[in-house]
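# Architecture at a glance
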Amino acid sequence: MIGRMAIVATGSIAFDHIMTFRDHFKNHILPEKVHMISVSFLLDSLDRRRGGCAANISYNLALLGHRPLLFGTAGRDFGEYRASLDKAGVDTTYAAVIEEELTASAFITTDLADNQIIGFYPGAMGHAHNLSLEDVRSPIDVVVISPNDPPAMLKYADECRRLGHAFIFDPGQSIPAFSGDDLTGAARGANLVIGNDYELELVRSKTGMSPGDLLELTPLVVQTLGEKGSHLIAREREFAVPAIKPRRIADPTGAGDAFRAGLLLALQAGVEIETAAKVGTLAATYCVEASGPQGHSARSRRM
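Here the structure is a predicted model, which is why all the values come from computation and not from measurement. (Residues numbered from 1 in each chain as written. Predicted model: local features only at pLDDT ≥ 70, side-chain atom pairs only at ≥ 80, totals over all residues. Heavy atoms only, no water.)

Helices and strands together make up the secondary structure of the protein chain, namely seven helices and 13 strands. Relative to a compact globule of 303 residues, whose C-alpha radius of gyration would be 19 Å, the protein chain shows 19 Å and is just as compact. Counting only residues that meet the buried cut, the protein chain has 50% of its 303 residues in that class. Partitioning the intrachain contacts of the protein chain with sequence separation of at least 6 by distance along the chain shows that 66% fall at a separation of at least 24. On the protein chain, the mean spot of the 29 positive side-chain charges and the mean spot of the 36 negative ones are 6 Å from each other. (Helix = DSSP H or I, 4+ residues; strand = E, 2+ residues; numbered from the N terminus. Rg over C-alpha atoms; globule rule 2.2 N^0.38 Å. Buried < 20%, exposed > 50% of the residue type's maximum accessible area, 1.4 Å probe, protein only. Contact = heavy atoms within 4.5 Å. Lys, Arg positive; Asp, Glu negative; His and termini not counted. Charge placed at Lys NZ, Arg CZ, Asp CG, Glu CD.)

Okay, structure coming up:
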């Protein structure tokens, strides 16, 4: 059954550059000079990882036995990354390479207090609005609209409604780029709206709609709560699903994307909502036990 489903994951394809600073930013920033700040940090480590929301979701779907279709834009440096996704079982046919650009990249520096300074270069991701779901020649059962070039996200939501595709709206880190009308317009008709507690609070601030109010637009809202699990709100009921304690926490990066993959695959297989959330929770647990959003594998953990 899983092999016959067609899940299309749209969103970012990116590289994450993770750096650590073994001190506190506050010790090197003079408050009275912030109007002319010039600071250099000597970093202790640098790790370049494969990431991006759509790529992470696709990777986790492949680990769970599905062959998802990755739909997004990458740069001329995508070759090795594409090969690794192909090897994992992801269909990268519709991952378009923009030769004049580099793949989107995040540069994340974390200090001893877990404060972060982040820079994001969109690169090839900025061309995602030039792609169209109409060009996908294989059947589509459901489309995941995850953080991406904002105009592309709005376009894909419109196309899903027009073409009759079921879709999940996951605005995530892209929320600040949208107006309230954009958010409600994109969410309208979605089979599911998902976000963490901070993201859904941002949605509330822009739209005036609480997670419960969003049921006017979609039949299911999922709020992820990190180590506290998740909260699911459906029109007929709502319930909490606790997190599964990992054997160790190597890196929480990408856990939300892993949760989405497990939840979606279970829902598409016809599993009851609460059980589907538990599948997502287990997938997230596998992810945090390894370093990086694509550092785990089917052999990483034995039940």
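Counted by the stated rule, this structure contains seven aromatic pairs. With 6.5 Å between their ring centres and 35° between their planes, phenylalanine 71 and tyrosine 94 make a pair best called tilted. Here phenylalanine 71, found in strand S4 (residues 69-75), pairs with tyrosine 94, found in the loop between helix H2 (79-88) and strand S5 (95-98); they are 23 residues apart in sequence, far enough to count as distant. By relative accessible area, phenylalanine 71 is classed as buried at 2%. Aromatic rings pair up to connect Phe15, Phe78 and Tyr81 into one cluster. The ring of phenylalanine 15 carries arginine 48 above its face, with NZ or CZ at 3.8 Å from the centroid. (Phe/Tyr/Trp six-rings, centres within 6.5 Å; stacked < 30°, edge-to-face > 60°. Lys NZ or Arg CZ within 6 Å of the ring centre and 35° of its normal.)

Burial analysis of helix H1 (residues 53-63) places 10 of its 11 residues in the buried class, which makes it a mostly covered element. On its buried face, H1 sits against strand S1 (7-10), strand S3 (45-51), S4, H2, strand S8 (142-145) and helix H6 (255-268). Phi turns positive, to about 100°, at glycine 65, one or two residues after H1.

On to the pattern of salt bridges. Proximity of charged atoms lets side chains of opposite charge pair with each other. This structure, assessed with the given rule, holds 10 salt bridges. The closest approach of N and O atoms between arginine 260 and aspartate 170, which form a salt bridge, is 2.8 Å. Within this pair, whereas arginine 260 is found in helix H6, its partner aspartate 170 is found in the loop between strand S9 (166-169) and helix H4 (180-187), the two being separated by 90 residues in sequence. This pair shows no difference in class: arginine 260 is buried, exactly as aspartate 170 is. Residues participating in the shared-partner salt-bridge network are Arg237, Glu272 and Glu274. (Salt bridge = Lys/Arg side-chain N within 4 Å of Asp/Glu carboxyl O.)

Before going further, it helps to spend a moment on the layout of surface pockets. Empty space within the second largest pocket amounts to approximately 180 Å³. Together, Arg49, Arg50, Tyr59, Ser84, Leu85, Lys87, Ala88, Ser291, Gly292, Pro293, Gln294 and Gly295 line the second largest pocket. Elements with a contribution of two residues or more to the lining of the second largest pocket: S3 and H2. Ranked by residues supplied to the lining of the second largest pocket, first place goes to H2 with four residues. A per-class count over the lining of the second largest pocket returns four nonpolar, five polar and three charged. (1 Å grid on protein atoms, 1.4 Å probe; cavity = no way out; pocket = protein on both sides within 12 Å on 5 of 7 lines; lining within 4 Å. Points joined across faces, edges and corners; volume = space filled by probe spheres on them. Nonpolar A, V, L, I, M, F, W, Y, C, P; charged D, E, K, R; others polar.)

So, on to the nonpolar core. The biggest cluster of nonpolar side chains holds 38 residues, and the ones touching the most others in it are Ile7, Ile13, Leu70, Phe78, Tyr81, Val222 and Leu263. Top element by residues in this core is H6. It accounts for seven residues. (Core = buried A, V, L, I, M, F, W, Y, C linked by side-chain atoms within 4.5 Å.)

The next point concerns the pairing of strand S13 (residues 238-241). On S13, burial follows the alternation: Phe239 and Val241 on one face are buried, whereas Glu238 and Ala240 on the facing-out side are not. In the sheet, strand S12 (residues 230-234) pairs with S13 via four bridges, with the strands oriented antiparallel. Bridging from a neighbouring strand, isoleucine 233 pairs with glutamate 238 of S13. Between S12 and S13, which pair antiparallel and follow one another directly, the connecting turn spans three residues. (Pairing = 2+ DSSP bridges.)

Let us now look at the sheet that holds S5. Adjacent strands of a sheet form backbone hydrogen bonds with each other and so pair up, either parallel or antiparallel. Strands sit in the order S5-S4-S1-S8-S9-S10-S11-S12-S13 across an open sheet of nine strands; the sheet is mixed. Across the chains shown, the open sheet's two edge strands, defined by having one partner strand only, are S5 and S13. If you compare each strand with its neighbour and ignore which way they point, the axes differ by 15° on average. As paired strands, S8 and S9 are joined by four bridges and run parallel to one another. Note on S9: the bridge partner recorded for valine 143 is phenylalanine 167. (Axes fitted to C-alpha atoms, helices over the stretch in contact; angles between N-to-C directions.)

Packing of H4 against helix H5 (residues 197-207) brings their axes to within 8 Å, and their N-to-C directions diverge by 115°. Considering how the two elements wind past one another, H4 and H5 form a crossing that is left-handed. For the pair H4 and H5, contact is made by Gly180, Leu183 and Thr184 and by Val203, Lys206 and Thr207, respectively. Along the lines of polarity and charge, the residues of the contact of H4 with H5 split into two nonpolar, three polar and one charged. (Left-handed = near helix turned anticlockwise from the far one by under 90°.)

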